[in-house]
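# Notes for the structure review
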Amino acid sequence: MPLFSHLVSSRLPSKYGHFVMDAFDSGREEQPHLVLRNAGIGTDVVNVRVHSECITGDVFGSTRCDCGEQLSASLNYIAEHGGVLIYLRQEGRGIGLVNKLKAYNLQDEGFDTIVANHQLGFATDLRSYEAAIVILKHFAIQRINLMTNNPEKLDAFENSGIHVESRIPVVISPVADNERYLQTKKDGMGHMI
Ligand SMILES: [Zn+2]
C-alpha cells in the first residue's frame, strides 16, 4: 500500500459541527494521518488547516503551547465556513512525545523551546508537510486558503501544485504559561503572531 493512501471515511458529528473523518496511511498503522472535513467541500478554493499532533495541548488542554486553542479555533472556523483540517501525526514538531516532555524539563531550567530541542540533539523543527499535499490532491483540491501563522507552512506549498490563495491568521490570545513560548515562535521561527 503506498504511503499516504486513503484508508477509511466515517461520519463524525462533534461539538463543533458535523464532519467526515478520513484516515490516511502514515507508515505507522496505529497512527494514521487524519482529516476532518465538511461533507460538502467543493474543489474551488478550500479553507485548510494543517495541524501537527500535540497530545498535551490538543487532548489535555496544556497551556505550555497554543496548539489546543489553535485546533479548536480551526474546527470552529471550518464548521462555520467550510473546509478541511489535516491532522498530521508528528508530535512535538517531529521529535515525539517523550522527547517533547524532556524538552519541557529543559525549558523549566530556562532554555527556550528552540534551544531545548538543540540540547536534545534535534533540529528546531522536523515537521514535513508532504503528507498534507498528497492528501489535498486526493480530494482534488488545488487552491486553498491556508489557516496558519507559520511561514514555513506557506513555503511548504511552493511548487507543490497547490496554490495558496490567501492566509487566514489563527488568532489566539496568550496566557501567562505560554507567553514566552509564543514570543520564541515569533522571534526565533518567524511566526506571524
Ligand atoms: Zn502544542
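For clarity, every value in this text was computed on a predicted model and none was experimentally measured.

Quick look at the overall build of the chain now. When you go through the chain residue by residue, the secondary structure sums to 7 helices and 7 strands. For the chain, the N- to C-terminal ordering of α and β elements is β-β-β-β-α-α-β-α-α-α-β-α-β-α. In terms of C-alpha radius of gyration, the chain reaches 16 Å, essentially the compact-globule figure of 16 Å for 193 residues. Judged by the C-alpha coordinates and their principal axes, the chain covers about 50 × 35 × 35 Å. In the chain, which comprises 193 residues, the proportion classed as buried is 48%. Partitioning the contacts of the chain with sequence separation of at least 6, the portion at a separation of at least 24 is 59%. Counting every atom, the chain has about 9,600 Å² of accessible surface; 51% of that belongs to carbon and sulfur. In the chain, the 18 positive side-chain charges and the 23 negative ones have mean positions that sit 2 Å from each other.

Now for the coordination of the zinc ion. Bound to the zinc ion are the protein donor atoms Cys 54 (SG), Cys 65 (SG) and Cys 67 (SG), situated 2.2 Å from the metal. Here the donor residues of the zinc ion are spaced in sequence according to C-x10-C-x1-C. Within this pair, whereas Cys 54 is found in the loop between strand 4 (45-52) and helix 1 (55-58), its partner Cys 65 is found in the loop between helix 1 and helix 2 (67-81), the two being separated by 11 residues in sequence. Residue classification places Cys 54 among the buried residues on the basis of a relative accessible area of 5%.

Overall, the coordinates contain 7 salt bridges when judged by the stated rule. Among the salt bridges present, the one from Arg 143 reaches Asp 44, with a minimum N-O distance of 3.0 Å. Of the two residues, Arg 143 sits in strand 6 (residues 143-147) while Asp 44 sits in the loop between strand 3 (33-37) and strand 4, which places them 99 residues apart along the sequence. With a relative accessible area of 53%, Asp 44 lands in the exposed category. One salt-bridge network, in which partners are shared between bridges, spans Asp 44, Arg 143 and Glu 165.

Next up on the list: the packing of aromatic side chains. Inspection of the entire model under this criterion finds 1 aromatic pair. In this arrangement the basic side chain of Arg 64 is found over the ring face of Tyr 104, its NZ or CZ atom lying 4.4 Å from the centre.

Once that is clear, we can look at the nonpolar core. Within the largest apolar cluster, 21 residues are counted, with the highest numbers of intra-cluster contacts made by Val 48, Val 50, Ile 86, Leu 136, Ile 144 and Phe 157. The leading source of residues in this core is helix 5 (residues 130-138), at 5 residues. The residues touching Val 50, leaving out its near neighbours within four places in the chain, are Ile 86, Leu 88, Tyr 129, Ala 132, Leu 146, Lys 153 and Phe 157. The next biggest cluster of nonpolar side chains, apart from the first, holds 13 residues, and it includes Phe 19, Leu 85, Met 147 and Ile 168.

Okay, the domain arrangement of the chain next. When the parts of a complex come together, some accessible area is lost, and that lost area is often used as the size of the interface. According to the domain assignment, the chain contains domain 1 (6-90 + 129-188) and domain 2 (96-126). The straight-line distance from the C-alpha centre of domain 1 to that of domain 2 is 23 Å. In this assembly, 9 residues from domain 1 lie in contact with 12 residues from domain 2. Our enumeration of links across domain 1 and domain 2 arrives at 1 salt bridge. A salt bridge links Arg 64 to Asp 108, with the nearest nitrogen and oxygen atoms 2.8 Å apart. Across the domain 1-domain 2 interface, the total number found is 2 residue pairs in polar contact (both at pLDDT 80 or more). For the side of domain 1 that touches domain 2, the elements supplying multiple residues, two or more each, are helix 1 and helix 7 (179-189). Among the elements that make up the side of domain 1 that touches domain 2, the one with the highest residue count is helix 7 (4 residues).

Calculation notes
- Residues numbered from 1 in each chain as written.
- Predicted model: local features only at pLDDT ≥ 70, side-chain atom pairs only at ≥ 80, totals over all residues.
- Heavy atoms only, no water.
- Helix = DSSP H or I, 4+ residues; strand = E, 2+ residues; numbered from the N terminus.
- Rg over C-alpha atoms; globule rule 2.2 N^0.38 Å.
- Buried < 20%, exposed > 50% of the residue type's maximum accessible area, 1.4 Å probe, protein only.
- Contact = heavy atoms within 4.5 Å.
- Areas by Shrake-Rupley, 256 points an atom, 1.4 Å probe, with all protein chains shown as cover.
- Lys, Arg positive; Asp, Glu negative; His and termini not counted.
- Charge placed at Lys NZ, Arg CZ, Asp CG, Glu CD.
- Donors = N, O, S within 2.8 Å, 3.2 Å for Na, K, Ca; no water.
- Salt bridge = Lys/Arg side-chain N within 4 Å of Asp/Glu carboxyl O.
- Phe/Tyr/Trp six-rings, centres within 6.5 Å; stacked < 30°, edge-to-face > 60°.
- Lys NZ or Arg CZ within 6 Å of the ring centre and 35° of its normal.
- Core = buried A, V, L, I, M, F, W, Y, C linked by side-chain atoms within 4.5 Å.
- Domains from an automatic or database assignment.
- Polar contact = N/O pair within 3.5 Å; in protein donor to acceptor, adjacent residues only side chain to side chain.

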